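# Chain and residue survey
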Amino acid sequence: MKRKLKKILRKRRVANCLHLGAGLGYFTSVLESVIKNGKIYAVDSSPRVIEKAKLSSRSRRVEFLCMDAVSLGFSGGFFDCVALQHSFHHFVDPDGVVREMSRVLSPDGVLVIHEMLGEFDTLQQKLHVDWHNFGVEVDRRRGIPHYPLYSREALLMVLSRQFELDYVERISPRKVMRDRDTIGLVVESIDRHLDSIRGHPEYAAIGQAGENLKKLIMENGFSYPVSLLVSGKKKSEETPAE
């Protein structure tokens, strides 16, 4: 991913970069390694997550902030780059988020989105999608915004309402992970999800689905999901948003 980002951002001077849906800051560190001198504003809507990210980061070029993605506290055109990875499917109001990303991006700035998709080419990719969707079902019972993954067409349609997209790459990883440690982490993740809704009226049914999913992953392994890497620029005032 770092190599692909370098290709997209080459010859661009990025003084201010917004990382939206930053979570604990993994992709923030990737952006920091590519954007050598600029400042990165890592934004997430969860105060708890932002505090954890602050504790783990020692960079003077990164500032972690808690904000709503549809109402960012930045002036229009402030950023030379707006980026996000694997977080678009968490947004309650994706159209509002896209409008806000367009508002804070400069006319010459670049949008970079890397988002996993709800489609697959192999059984192991499907199992990763199923793992994600299992988490969606659990989070819904907990009142946490989390939604099924986008298709390629649906994601591009939402983004194209405010942006002119000039780079679209579908990435389909084929490496199958079967090692005990990796599979163990996935199984532990499913168990933690189940523990979070213990006592819920639907716990038994969701629990059985979780056990079935664990069995399939342990038998077949899993792969990283199909994803889409997109870049583009905001539409000019002369180009009406769709």
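Up top is the structure these notes are about.
Below or above, wherever it landed, is the structure these notes cover. Every value quoted in this text rests on a predicted model; they were computed, and no experiment measured them. (Residues numbered from 1 in each chain as written. Predicted model: local features only at pLDDT ≥ 70, side-chain atom pairs only at ≥ 80, totals over all residues. Heavy atoms only, no water.)

## Some remarks on the overall build of the protein
Along the backbone of the protein there are eight helices and seven strands. Relative to the 2.2 N^0.38 estimate, which gives 18 Å for 242 residues, the radius of gyration of the protein is 19 Å and therefore close to what a compact globule would have. Dimensions along the principal axes, computed over C-alpha positions, put the protein at roughly 55 × 35 × 35 Å. At a minimum sequence separation of 6, the contacts of the protein that also span at least 24 residues come to 76%. As presented, the protein carries roughly 12700 Å² of accessible surface, and 51% of it is formed by carbon and sulfur atoms. Here the protein contributes 37 positively and 31 negatively charged side chains, and the mean placements of these two sets differ by 6 Å. (Helix = DSSP H or I, 4+ residues; strand = E, 2+ residues; numbered from the N terminus. Rg over C-alpha atoms; globule rule 2.2 N^0.38 Å. Contact = heavy atoms within 4.5 Å. Areas by Shrake-Rupley, 256 points an atom, 1.4 Å probe, with all protein chains shown as cover. Lys, Arg positive; Asp, Glu negative; His and termini not counted. Charge placed at Lys NZ, Arg CZ, Asp CG, Glu CD.)

## Considering helix α4 (residues 94–104)
The buried fraction of α4 amounts to eight of the 11 residues, a majority that puts the element mostly inside the structure. When we look at burial in α4, the residues that qualify are P94, G96, V97, V98, E100, M101, S102 and V104. Of the surrounding secondary structure, the elements contacted by the buried residues of α4 are β1 (16–20), β4 (79–85), β5 (105–116), α6 (152–160), β6 (163–171) and β7 (227–234). (Buried < 20%, exposed > 50% of the residue type's maximum accessible area, 1.4 Å probe, protein only.)

## Concerning the side chain of S189
By the element assignment, S189 lies in helix α7 (residues 180–196). On the basis of relative accessibility, which here comes to 9%, the residue S189 falls in the buried class. A polar contact is formed between the side chain of S189 and the side chain of W131, at a distance of 3.4 Å. (Polar contact = N/O pair within 3.5 Å; in protein donor to acceptor, adjacent residues only side chain to side chain.)

## Digging into the state of the cysteines
Note: disulfide means a covalent bond formed between the sulfur atoms of two cysteine side chains. Evaluated as defined, the whole model comprises zero disulfides. The cysteine C66 is free of any disulfide, with C17 supplying the nearest cysteine sulfur at 18 Å. Free of any disulfide, C81 has its nearest cysteine sulfur in C17, 3.8 Å distant. (Disulfide = S-S within 2.5 Å.)

## As for the sheet that holds β6
Ordered in space as β3-β2-β1-β4-β5-β7-β6, the seven strands form an open sheet in which the pairing is mixed. Of all the strands in the sheet, just β3 (62–66) and β6 have a single pairing partner and so form its edges. The sheet shows a mean angle of 15° between the axes of neighbouring strands, taken without regard to direction. Both β1 and strand β2 (residues 39–44) contribute to a ladder of five bridges, which runs parallel. By the bridge assignment for β2, C17 is matched with I40. (Pairing = 2+ DSSP bridges. Axes fitted to C-alpha atoms, helices over the stretch in contact; angles between N-to-C directions.)

## Notes on the pairing of β7
The element β7 is extensively covered by neighbouring structure, given that seven of its eight residues are classed as buried. The pairing of β5 with β7 spans six bridges and is classified as antiparallel. Looking across to β7, one finds that E115 is bridged to L228. As judged from the eight bridges shared by β6 and β7, these two strands associate in the antiparallel manner. Residue pairing across strands places F163 opposite K234, the latter belonging to β7.

## Quick notes on the environment of G109
Along the polypeptide, G109 turns up in strand β5. Given the relative accessible area of 1%, G109 is considered buried. Spatially, the C-alpha atoms of G109 and K234 are 7.7 Å apart, while their sequence positions differ by 125 residues.

## Thoughts on the packing of helix α5 (residues 123–142) against helix α8 (residues 203–220)
It is at 11 Å that the axes of α5 and α8 come closest, and there the two elements cross at 160°. Taken as axis vectors, α5 and α8 run roughly antiparallel relative to one another. Of the two possible hands of crossing, α5 and α8 adopt the one that is left-handed. Each of L123, Q124, L127, D130, W131, F134, V138 and R141 in α5 lies in contact with α8, whose residues at this interface are I206, A209, G210, L213, L216, I217 and N220. Along the lines of polarity and charge, the residues of the contact of α5 with α8 split into 10 nonpolar, three polar and two charged. (Parallel < 35°, antiparallel > 145°, perpendicular 65-115°, else oblique. Left-handed = near helix turned anticlockwise from the far one by under 90°. Nonpolar A, V, L, I, M, F, W, Y, C, P; charged D, E, K, R; others polar.)

## Side note on a positive patch on the surface
A cluster of basic side chains, namely R3, K7, R10 and K11, defines a positive patch on the protein surface. Along the chain, R3 turns up in helix α1 (residues 2–9). Since its relative accessible area comes to 63%, R3 is described here as exposed. (Patch = residues over 30% accessible without salt bridge, like charges linked within 9 Å, V, L, I, M, F, W, Y side chains within 5 Å. Salt bridge = Lys/Arg side-chain N within 4 Å of Asp/Glu carboxyl O.)

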